[in-house]
Amino acid sequence: MRNDKFFSFLISNFLIEENMRDRITGAKALMRALQAEGVKTIFGYPGGSIMPTYDSLFDYTRGEKKCFDHILVRHEQAAVHAAEGYARVSGEVGVALVTSGPGATNTLTGVADAMLDSTPIVVIAGQVAISALGTDAFQEVDLVGVAQPISKWSYQIRHAEDIAWAVSRAFYIARSGRPGPVVLDFPRNAQVEEIDWEPKKVDFVRSYVAYPKLDINKVREAAELINHAKKPLALVGQGVELGNAQEELKAFLEKADIPAGRTMLGLSALPSDHPLNVGMLGMHGNYAVNLKEQECDVLIAIGMRFSDRVTGNTKTYAKQAKIIHLDIDRSEIDKNVKTDVAVVADCKESLPALTELIQPGNHREWRESFEVLDRKEREKVIEPAIHPTEGKLLMGEVVNVVAEQAPRGTVLVTDVGQNQLFATRYFKYPVNRSICTSGGLGTMGYGLPAAIGATFATDRTVCCFMGDGGFQMCIEELGTIMEQQSPVKMILLNNNYLGNVRQWQDMFWMRRKSFTKMLNPCYELIAKGYGIGYEAVTDRSNLADAVQKMLSAKGPFILECAIKEDDDVLPMTPPGMNVDDMMLEV
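The paragraphs below set out a description of the structure included in this document. This structure is a prediction, so every number in the text was calculated from the model and none was measured.

### Examining the sheet that holds strand β16 (residues 435-436)
In sheet architecture, strand pairing relies on hydrogen bonds along the backbone and comes in two forms, parallel and antiparallel. Read across the open sheet, the 6 strands follow the order β16-β15-β17-β18-β20-β19; overall the sheet is parallel. If you trace the sheet from one side to the other, it starts and ends with β16 and β19 (533-537), each paired once. Strand direction decides the pairing type here: β19 and strand β20 (residues 557-562), joined by 5 bridges, are parallel. Of the residues in β20, the one forming a bridge with alanine 536 is glutamate 560. Lying over the sheet, helix α18 (residues 418-426) contacts β15 (411-414), β16, β17 (462-467) and β18 (488-494), oriented at roughly 160° with respect to β15. Contacting β15, β17 and β18, helix α19 (residues 447-455) runs over the sheet at an angle of about 175° to β17.

As structure tokens, this is what we get:
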């Protein structure tokens, strides 16, 4: 009898100890929740209100328990842009971890950027304890309130018991449907409270329909229009890549024999060398495809949002065409351009359904009509931009040389401005998920941290084009590159101007260059200070060798190119003008 009691005593104590082992702080619960979501890389910056979480993170980034890589950035905005770059290239959810107050508010530009570009990220920010909320406590800010309009979901985890549910819900919302950013506000009390760990999995949210049900009748209507079209044109957006529907897109285009233009964010959704690719849409896109939008009889928009940079003046945009819009987000339908048929569904599902119902097409004469305009653009714009014979270096020729020498599948990352427009125009995209750029928000300073994030998402070469203005907005991230030896190939297109603003001042503001001239530092000394390889190019005779040196370098490298100061991006549709008012020359 005494033995039975002793045995029961041992068992009860064993169970108590086991429960105690699984009774953990909220900070550790966050680690387990992130682990359950498959997170491998976290970009962050510690501070007072997130310190309990960083203390727990310490154990999860080293030794046998290691399951995360934590990348210490030099500014919280960079943490979010790095998470964006990681998400864009990997197709996974990017994660940023910061503290409260200014740490949290510094992330908001990146959150807004991710919202406009449908990039799946989760931002976790520390917060003062809930007992101090509303007292103007040190580094208190209403993060949920300020993030709500620019995020897909924002939520305050007030108690540790809610962590597993909130994190699972955050990742589900961020990655499902039309992806986007989620912000979690994490008060200090929830980080230190102890709970019995219980994992949760959220795969349904009431009133949130991530994947609308495909209406086959709408697909039939769309197929009917396509089957009777004489001059069909497809507009391909990033939604194709977000839906992993690149092969479905090709099957559709090839069966229907439809030429396709691509938005800036959708450039790698269809390979550059695909015979049905007719170029980039938009204000600085290709001449033929922009003019043909005003001539086509059926326009099929696939995973794109009819941005003002694509449509120009919407009052005159494609009025001659029947418009079909395939998109997962119902709110995009008829928002900017009135559609005749809307197919609201994941393009991974809608494209095969449409392909099955369309008849094999033959639009050879229509496709060939693009070639006349292509030749005109090549003669007046492209050849002078990429193969100049005299004068100072041009941005187009630098991009072209890098594109010619870079390994197949190189990821293009850009900052914002002329560097972005030249780079996206003249780079090559043979492989999916090959472009990271700030489209909707146009965020200067995006490029360098996004490129860092991209290097943690892939083993492919990452080339980052920046202007001297954008580079200086994020130049502190050279410290992150130095510490991580992140192999970013940085191409600095230095024209000593805020180039895109300068171009607009010259074209539309009587050449009054108001505060666009830049006094720049010695980038060679900066590169030396960070221990990063560097080469300067001032003459085109040295360009090819310098590019080869950069690409063959094992680690990070800065290639500074001295660019002609008044190098303009052309073609261009002036703001507010019709899309077919595109200019080939100033």
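### Some words on the environment of methionine 115
Mapped onto the fold, methionine 115 is located in helix α6 (residues 108-116). C-alpha separation for the pair methionine 115 and valine 182, spaced 67 residues apart in sequence, amounts to 9.0 Å. Those residues in contact with methionine 115 that lie beyond four places of it in its chain are Ile150, Ser151, Lys152 and Pro181.

### Examining unusual backbone geometry
In the segment running from leucine 570 into proline 571, the intervening peptide bond is cis, with an omega of 0°. With respect to the helices and strands, the residue proline 571 is situated in the segment after β20. You will see that aspartate 257, though not glycine, has its phi angle at about 55°, which is positive. Note on placement: aspartate 257 falls in the loop between α12 (246-256) and β10 (260-262). Residue aspartate 257 is classed as buried on the basis of its relative accessible area of 11%. The residue arginine 511 is not glycine, and still its phi comes out positive at about 60°.

### Focus on the packing of aromatic side chains
The geometry of an aromatic ring pair comes down to the distance between the two centres and the angle between the two planes. Taken as a whole, this structure holds 14 aromatic pairs when the rule is applied. On the numbers, 6.0 Å between centres and 85° between planes, the contact of tyrosine 172 with tyrosine 208 is edge-to-face. Within this pair, whereas tyrosine 172 is found in helix α8 (residues 163-175), its partner tyrosine 208 is found in the loop between β8 (194-196) and α10 (216-227), the two being separated by 36 residues in sequence. Residue class for tyrosine 172 comes out buried when judged on its relative accessible area of 16%. For the pair tryptophan 504 and phenylalanine 508, a centre-to-centre distance of 5.7 Å together with 85° between the ring planes defines the contact as edge-to-face. Placement of both tryptophan 504 and phenylalanine 508 in helix α22 (residues 499-508) is noted, with a separation of 4 residues, approximately one turn of the helix. Residue phenylalanine 508 is classed as partly exposed on the basis of its relative accessible area of 33%.

### Some thoughts on the pattern of salt bridges
Here the structure, examined in full by the defined rule, presents 28 salt bridges. Here aspartate 69 and lysine 66 are joined by a salt bridge, their closest N and O atoms 3.0 Å apart. Assessed through its relative accessible area of 43%, lysine 66 is described here as partly exposed. Ionic pairing is found between lysine 231 and glutamate 295, a salt bridge with its closest N-O pair at 3.2 Å. Of this pair, lysine 231 sits in the loop between α10 and β9 (232-236) while glutamate 295 sits in the loop between α13 (287-292) and β12 (298-302), and the two are 64 residues apart along the sequence. Glutamate 295 sits in the partly exposed class, given a relative accessible area of 34%. Within the structure, one salt-bridge network assembled from shared partners comprises Arg502, Asp506, Arg511, Lys513 and Asp568.

### Concerning the sheet that holds strand β2 (residues 41-44)
The sheet built from 6 strands is open, its strands ordered β3-β2-β4-β5-β7-β6 with parallel pairing. A strand with exactly one partner marks an edge of an open sheet, and here the two such strands are β3 (69-72) and β6 (153-156). Each neighbouring strand pair of the sheet contributes to a mean axis angle of 20°, computed without reference to strand direction. Sheet topology places β2 next to β3; 4 bridges connect them, and they run parallel. Each residue of the ladder has a partner; that of isoleucine 42, found in β3, is histidine 70.

### Regarding the pairing of β6
Where β6 and strand β7 (residues 181-187) come together, 4 bridges link them in parallel fashion. For tyrosine 155, the partnering residue across the bridge sits in β7 and is leucine 184. Where the polypeptide runs from β6 across α8 and back to β7, its parallel neighbour, the crossover connection is right-handed.

### Focus: the environment of leucine 97
Positionally, leucine 97 belongs in strand β4 (residues 94-98). Given a relative accessible area of 3%, leucine 97 falls into the buried group. In sequence terms leucine 97 and glycine 361 are 264 residues apart; their C-alpha atoms lie 51 Å from each other.

### Side note on the environment of alanine 451
With respect to the helices, strands and loops of the structure, alanine 451 is situated in helix α19. The exposure class of alanine 451 is buried, given its relative accessible area of 0%. Put simply, alanine 451 and glycine 103 are 348 residues apart on the chain and 21 Å apart in space, counted from C-alpha to C-alpha. Apart from the residues lying within four places of it in its own chain, the contact partners of alanine 451 are Val413, Val462, Cys464 and Val488.

### So, the side chain of glutamate 397
In this structure, glutamate 397 sits in helix α17 (residues 395-405). Within polar-contact distance, the side chain of glutamate 397 engages the side chain of arginine 540 at 2.7 Å. Contacts of glutamate 397, omitting those with residues within four sequence positions, involve Ala385, Ile386, Pro388, Lys392, Arg540 and Leu543.

About the cut-offs
Residues numbered from 1 in each chain as written. Predicted model: local features only at pLDDT ≥ 70, side-chain atom pairs only at ≥ 80, totals over all residues. Heavy atoms only, no water. Pairing = 2+ DSSP bridges. Helix = DSSP H or I, 4+ residues; strand = E, 2+ residues; numbered from the N terminus. Contact = heavy atoms within 4.5 Å. Axes fitted to C-alpha atoms, helices over the stretch in contact; angles between N-to-C directions. Buried < 20%, exposed > 50% of the residue type's maximum accessible area, 1.4 Å probe, protein only. Phe/Tyr/Trp six-rings, centres within 6.5 Å; stacked < 30°, edge-to-face > 60°. Salt bridge = Lys/Arg side-chain N within 4 Å of Asp/Glu carboxyl O. Right-handed = clockwise from strand over helix to strand, strands pointing away. Polar contact = N/O pair within 3.5 Å; in protein donor to acceptor, adjacent residues only side chain to side chain.

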